[in-house]
Amino acid sequence: MTREQLLERKSEMLKRNMQELIMKQNQRGLTRQDGKYLQQVIKQFHQNVHSLHDSAK
């Protein structure tokens, strides 16, 4: 697997995690721990997207 493929796969996994947490938040709310985890996942996703764009150059 190339670096770009790994970054794309990681993006897919992070998106899935974000979707699940957002659905959980909409249905019953998040615990403090889940909220922190969601923030961390969003941060990792943005870093990953930035890395993916940099590697495409």
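Preceding block: the structure.
Residues numbered from 1 in each chain as written. Predicted model: local features only at pLDDT ≥ 70, side-chain atom pairs only at ≥ 80, totals over all residues. Heavy atoms only, no water.

(A) How the structure looks around the pattern of salt bridges. Applying the stated criterion to the full structure yields two salt bridges. Across the salt bridge formed by Arg9 and Glu12, the nearest N and O atoms sit 3.5 Å from each other. Pair noted here: Arg9 and Glu12 are both in helix α1 (residues 3-28), with a separation of three residues, about one helical turn. By relative accessible area, which is 44% here, Glu12 ends up partly exposed. Residues Lys24 and Asp34 are paired through a salt bridge, measuring 2.5 Å at the closest nitrogen-oxygen approach. (Salt bridge = Lys/Arg side-chain N within 4 Å of Asp/Glu carboxyl O. Helix = DSSP H or I, 4+ residues; strand = E, 2+ residues; numbered from the N terminus. Buried < 20%, exposed > 50% of the residue type's maximum accessible area, 1.4 Å probe, protein only.)

(B) View of the packing of α1 against helix α2 (residues 32-56). Close contact between α1 and α2 brings their axes to 9 Å; oriented N to C, the two are set at 155°. The orientation of α1 with respect to α2, classified from their angle, is roughly antiparallel. The element α1 and its partner α2 pack so that their crossing is left-handed. Taken together, the residues that form the contact of α1 with α2 break down as 11 nonpolar, seven polar and seven charged. (Axes fitted to C-alpha atoms, helices over the stretch in contact; angles between N-to-C directions. Parallel < 35°, antiparallel > 145°, perpendicular 65-115°, else oblique. Left-handed = near helix turned anticlockwise from the far one by under 90°. Nonpolar A, V, L, I, M, F, W, Y, C, P; charged D, E, K, R; others polar.)

All quantities given are derived from atomic positions and should not be read as evidence of function.
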